[in-house]
Amino acid sequence: FFFAQERQRQRPGRQRRAGAASQALHIMNAQVIQLEDGWNKLKTGGVLKIEEILEDASGGVYKHRISTDEYSQLYTTVYTMCTQKPPNNWSEPLYNNYCEAVIDYLTARILPRIKEKHDEAMLRELVRRWENHKTIIRFLSHVFKYLDRFYVKRLSLPELAEVGSQKFLEIVFNAVKREVRTAILELVRRERECEQVDKQLIKSVIDIFVEMGGSRASLETYATDFEEMLLSTTADYYSRESAKWAGNDSFPEYMRKAEDRLKQEQDRVANYLHSSTEEKLLKVCEEQLLQNPEQQLLEKEHSGCEKLLLDNKTEDLSRMFRLFSRIPTGLPPIANIVRKHITDVGLALVKKQSVNAEGDLMPYVQELLDIHDKYTELVGSGPEKGCFQGHNIFHKAMKEAFEVFVNKDIGKSATAELLSNFCDNLLKKSGERLSDEALEDKLEKVVRLFGYLSDKDIFAEFYKKQLAKRLLLARSSSDDAERSMIAKLKLRCGAQFTSKLEGMVTDMNLSQDIQSAFAEHVKDKELELDTDLTVQVLTTGFWPTYKSDELNLPKEMLQCIETFKAFYDLRTSHRRLRWVHSLGSATVVGKFTPSGKSKEHDLLVSTYQACILLLFNEADSMTFSDIQGHLNLPAEELKRYVLSLCVGKYKILTKDPAGKEVAPTDKITYNAAFSDRARRIKVPMIAAKITQEEKDATRATVDEDRKHAIEAAIVRIMKTRKSLDHQKLVLEASTQLMRHFKPDPKQIKKRIEDLIHREYLERDPSNPNLYKYLA
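Keep in mind that this is a model prediction, so the values were computed, not measured.

(A) Looking closely at the overall build of the chain. Helices and strands together make up the secondary structure of the chain, namely 29 helices and nine strands. Radius of gyration (C-alpha) of the chain: 49 Å, far over the 28 Å computed for a compact globule of 775 residues. The C-alpha extent of the chain, read off along each of the three principal axes, is 155 × 75 × 60 Å. Across the chain, the fraction of contacts at a sequence separation of at least 24, relative to all contacts at a separation of at least 6, is 70%. Total accessible area on the chain is roughly 42,400 Å²; 49% of this is exposed by carbon and sulfur atoms. Computing the positive centroid from 119 side-chain charges and the negative centroid from 117, the chain places the two 3 Å apart.

(B) Expanded view of the pairing of strand 1 (residues 585–592). Side chains Ala586, Val588, Gly590 and Phe592 of strand 1 all project onto a buried face; the interleaved residues Ser585, Thr587, Val589 and Lys591 project onto a face where none is buried. As consecutive antiparallel partners, strand 1 and strand 2 (residues 599–606) are separated by six residues, and within that stretch Ser595 has a phi angle of approximately 55°, a positive value.

(C) Structural context of the sheet that holds strand 7 (residues 723–725). Ordered in space as 7-9-8, the three strands form an open sheet in which the pairing is antiparallel. Across the chains shown, the open sheet's two edge strands, defined by having one partner strand only, are strand 7 and strand 8 (761–764). Geometrically, the sheet is characterised by an average inter-axis angle of 35° between neighbouring strands, direction not taken into account. Across four bridges, strand 8 lies against strand 9 (residues 767–773) in antiparallel orientation. When the sheet's bridge partners are listed, Asp764 is paired in strand 9 with Asn767. Helix-sheet contacts for helix 28 (residues 726–737) involve strand 7 and strand 9, and the interaxial angle to strand 7 is about 95°. Across the sheet, helix 29 (residues 745–757) lies against strand 8 and strand 9, angled at about 100° from strand 8, the strand it touches most.

(D) Spotlight on the environment of Leu290. Looking at the element boundaries, Leu290 is found in helix 11 (residues 277–291). Overall, Leu290 belongs to the buried group, its relative accessible area being 1%. Not counting residues up to four positions away in its chain, the partners in contact with Leu290 are Ala258, Leu262, Cys285, Leu323, Phe324 and Ile327.

(E) View of the side chain of Thr563. Considering the arrangement of structural elements, one finds Thr563 in helix 23 (residues 555–571). A distance of 2.8 Å separates a polar side-chain atom of Thr563 from the backbone oxygen of Gln559. For Thr563, the residues in contact, after removing those within four places along its chain, are Phe518, Leu527 and Leu529.

(F) Up close: the packing of helix 5 (residues 119–143) against helix 8 (residues 199–211). Two elements in contact, helix 5 and helix 8, have axes separated by 10 Å at closest approach and are oriented at 50°. As judged from the angle between their axes, helix 5 and helix 8 are oblique. Crossing of helix 5 against helix 8: the hand is left-handed. Across the interface between the two elements, Glu120, Leu123, Arg124, Leu126, Val127, Trp130 and Lys134 from helix 5 touch Leu201, Ser204, Val205, Ile208 and Glu211 from helix 8.

(G) Layout of the nonpolar core. With 161 residues, the main nonpolar core has Phe144, Ile184, Met320, Phe324, Phe388, Phe459 and Met485 as its most contacted residues. Considering every element that reaches this core, the biggest residue donor is helix 7 (residues 160–192), with 14 residues. If near-sequence neighbours (up to four positions away) are discounted, Phe388 is found in contact with Leu317, Met320, Phe321, Val338, Leu378, Val379 and Phe394. Core analysis: the second largest hydrophobic core is formed by 35 residues, Met557, Ile561, Leu638 and Leu645 among them.

(H) Representation of the pattern of salt bridges. Counted under the stated rule, the structure contains 59 salt bridges. Across the salt bridge formed by Lys490 and Glu502, the nearest N and O atoms sit 3.2 Å from each other. Placement of Lys490 in helix 21 (residues 479–493) and of Glu502 in helix 22 (residues 495–524) is noted, with a sequence separation of twelve residues between them. Residue Glu502 is classed as partly exposed on the basis of its relative accessible area, which comes to 29%. Several salt bridges share partner residues, and in doing so they unite Glu253, Arg256, Glu259, Glu315, Asp316, Arg319 and Arg322 into one network.

(I) Structural detail: a negative patch on the surface. Judged by side-chain charge, Asp436, Glu437, Asp479 and Asp480 come together as a negatively charged surface patch. For the negative patch, the elements supplying multiple residues, two or more each, are helix 19 (436–450) and helix 21. Residue class for Glu437 comes out exposed when judged on its relative accessible area of 61%.

(J) Region of interest: the packing of aromatic side chains. Per the counting criterion, the structure on display carries 24 aromatic pairs. Ring plane angle 65° and centroid distance 6.0 Å describe the contact between Phe321 and Phe394, whose orientation is recorded as edge-to-face. Highlighted residues: Phe321 in helix 14 (residues 314–324) and Phe394 in helix 17 (residues 392–406), separated in sequence by 73 residues. Residue Phe321 shares its accessibility class with Phe394, and that shared class is buried. Plain terms: the ring middles of Phe388 and Phe394 are 4.1 Å apart, the flat faces sit at 15° to each other, and that makes the pair stacked. The same class applies to Phe388 and to Phe394, which are both buried. Taken together, Phe518, Phe564, Phe567, Tyr568 and Trp579 form an aromatic cluster joined through their ring pairs. Positioned over the ring face of Phe450 is Lys456, at 5.9 Å from the centre of the ring. Looking at Arg640, its charged tip hangs above the ring of Tyr641, at a distance of 5.6 Å from the centre.

(K) Region of interest: the side chain of His133. For His133, the position within the fold is in helix 5. For His133, the residues in contact, after removing those within four places along its chain, are Val102, Tyr105, Leu106, Gly164, Ser165 and Phe168.

(L) Summary view of helix 19. Taking 1.5 Å of rise per residue, 15 residues should cover 21 Å, and helix 19 covers 21 Å from first to last C-alpha, within 8% of that figure. Taken together, the buried positions of helix 19 are occupied by Leu439, Lys442, Leu443, Val446, Val447, Leu449 and Phe450. Seen from one end, helix 19 has its buried residues packed into an arc of 155°, which puts them on one side.

(M) Up close: helix 11. Helix length check: helix 11 (15 residues) gives 20 Å between terminal C-alpha atoms against 21 Å at 1.5 Å per residue, within 8%. Turning to helix 11, its buried residues are Thr277, Leu281, Leu282, Val284, Cys285, Glu286, Gln288, Leu289 and Leu290. Residues of helix 11 that are buried sit in contact with helix 7, helix 9 (220–248), helix 10 (251–271), helix 12 (294–298) and helix 14.

(N) Expanded view of the environment of Leu42. Of note, Leu42 is situated in helix 2 (residues 35–56). Overall, Leu42 belongs to the buried group, its relative accessible area being 2%. When near neighbours in sequence (up to four residues on either side) are disregarded, Leu42 contacts Val47, Leu74, Thr77, Val78, Met81, Leu94, Val143 and Phe144.

(O) Up close: the confidence of the model for the chain. Overall, the prediction assigns the chain a mean pLDDT of 84, with 93% of residues at 70 or greater. This model gives residues 1–29 a pLDDT under 50, and the stretch forms 27 contacts once residues within four places in sequence are excluded.

(P) Highlighting the sheet that holds strand 5 (residues 667–670). Reading across from one edge, 3-5-4 is the order of the three strands in this open sheet, with antiparallel pairing throughout. Unpaired on one side and paired on the other, strand 3 (621–623) and strand 4 (653–656) mark the two borders of the sheet. Each neighbouring strand pair of the sheet contributes to a mean axis angle of 25°, computed without reference to strand direction. The pairing of strand 4 with strand 5 spans four bridges and is antiparallel.

(Q) Representation of the environment of Pro93 within the structure. Along the polypeptide, Pro93 turns up in helix 4 (residues 91–115). Overall, Pro93 belongs to the partly exposed group, its relative accessible area being 23%. Separated by 54 residues in sequence, Pro93 and Trp39 place their C-alpha atoms 9.3 Å apart.

Criteria and cut-off values
Residues numbered from 1 in each chain as written. Predicted model: local features only at pLDDT ≥ 70, side-chain atom pairs only at ≥ 80, totals over all residues. Heavy atoms only, no water. Helix = DSSP H or I, 4+ residues; strand = E, 2+ residues; numbered from the N terminus. Rg over C-alpha atoms; globule rule 2.2 N^0.38 Å. Contact = heavy atoms within 4.5 Å. Areas by Shrake-Rupley, 256 points an atom, 1.4 Å probe, with all protein chains shown as cover. Lys, Arg positive; Asp, Glu negative; His and termini not counted. Charge placed at Lys NZ, Arg CZ, Asp CG, Glu CD. Buried < 20%, exposed > 50% of the residue type's maximum accessible area, 1.4 Å probe, protein only. Pairing = 2+ DSSP bridges. Axes fitted to C-alpha atoms, helices over the stretch in contact; angles between N-to-C directions. Polar contact = N/O pair within 3.5 Å; in protein donor to acceptor, adjacent residues only side chain to side chain. Parallel < 35°, antiparallel > 145°, perpendicular 65-115°, else oblique. Left-handed = near helix turned anticlockwise from the far one by under 90°. Core = buried A, V, L, I, M, F, W, Y, C linked by side-chain atoms within 4.5 Å. Salt bridge = Lys/Arg side-chain N within 4 Å of Asp/Glu carboxyl O. Patch = residues over 30% accessible without salt bridge, like charges linked within 9 Å, V, L, I, M, F, W, Y side chains within 5 Å. Phe/Tyr/Trp six-rings, centres within 6.5 Å; stacked < 30°, edge-to-face > 60°. Lys NZ or Arg CZ within 6 Å of the ring centre and 35° of its normal. Expected span 1.5 Å × (residues − 1). Arc of directions from axis to C-beta. pLDDT = per-residue confidence, 0-100.

Shown next as structure tokens:
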């Protein structure tokens, strides 16, 4: 753009070719150009002239220009001087003169102009002089192009443009870089203090630092001469800011300021710093604003992390996670506070409930579920979900916290038992009424809570007993819900954990098939039964252990049982039936005469109650000892069934003397005057006062099962490892068993001793701590 346009354009075609030919001829016939003459011409018409043009330029407008003709003459002069035959080939002197001219120009004209100015004015002058210098070098590189293409290339010397940049670095930049850096850092500081600054000027100066890296685009100059000091001053600045904010502001207010400042620093990089600085700059800021004061901020008395959790400040908690997840050590201290907070909340609930340990404990389980819901939502399930975005460290903290208080007993009740009771309440007909979706959701939440139990086998044993009652007494509200719950437990604990529960559900389905086959058998054989009979055939291994009794059945029932036994023996010859009458039920038609009028009621009773009532077909009254003699039942158990018919809601029998105590001589009489508005009556049982005994029995069953589980684990390990020392064996066995319960090392030691006694293992003669497997 320095070349003035020729007034007269060359004509196309032959004239242009003729002009080129004459020019070539002129060059061939030209006289030899001496070094001094040629260089004076190049210096006056090229170097000095373009310097003057740029000096006189104002606002990007040039008062003078170099014409195409002038440029052509300069280029031709260089070409001629470089192509003359020795000793008149001036390539080397021209190269040296070019370098000296650049040095003189920078030393005499540029450097003094920059040094006489200060601060922003100096920066503007530097930017202007650098732009001019690049223009000069670009122009001269074109003029001396022939030198670059042949002489420089042949001798592997630095190219002319590179020489220009290098000399600017050595002579100008190195002389003023400290003052320039100080001026830029001052502008950065003023911008951080919310003053308006010329961002374009800063960017232009920063670009000079980058361009000083040379043609290989090295950032060494930028990094050494500017970036290091920027990072150092940034650290000092934010160290002071952080101390001031931490002293004066609340934790949420501090975080808002820190987040705002980090955004500003990102914008600063985008506006005028080199992109490579972003990571380093943000790291310095994060270190000063977040890493160094973290503990002080988190523990602030009235606004720290604990307070945010107590007040459920989700927005501030989310900001806290966003900020402190930026630093490598940022999250563990927060996770520790979250763990402690959840643990404290849970233990407070346990303490509150322990005061009322004898009352209804189902609301306590619901509160546990509510707490779990609250903190599950807080921790979140993934990016952008929850305050902590599902980060593993918070899931771990939450798990560890819940494991502390979920495994605390309430009075004499373990949480495993309470959870099982809660499930029972959800799944039985008389329990909580919920839609299918709500029931599924609540069962899922219970299973998540169940995951924190260390004694999962205790839950399994209670659950098995309650499932048995729901299935056998037709109290289950939904078969699908039962299967869904078992599937959830199976997913969490494996097939072995739920095999018995699945077997129980399968048994019920098979029983329906057997019942249908029995009905067909009765029909085909034209058998006459005194009463309808429904039998549920259960596999002993799947179901809880039930007490056998020597109940003397009435003849009506006895005939039915004998018929079914004969039918079942035809189907299989390898199975034996053991009748569990305590789980049976019956419908008895009772005939009464209240106020002299005949009235019938369908009485829904247990098998034991039915047997008692049927005795009164033979006599209107009899003593308690007579009833016991007829039925052959233990006195304590028989008392509960007699009382349920005498003093319960429905007084089908009467007792003399009245009262809740039963003596062998008490007279039990059929109550002919009994009446109720309902035709169909379900007679309830008197609640057994042996719940604790049942619990103890369940625990004893669990303990026995644990013995077998521990032994099986030890044998499995030893079979694989052949020999193992005591500590390692205990550790491996504990790890294997941890999925179902937390084994006691003393118990493991006892089982090892027992296996040695039974010759499954032996001690190494030379090392008593080493065990060997005996095949």
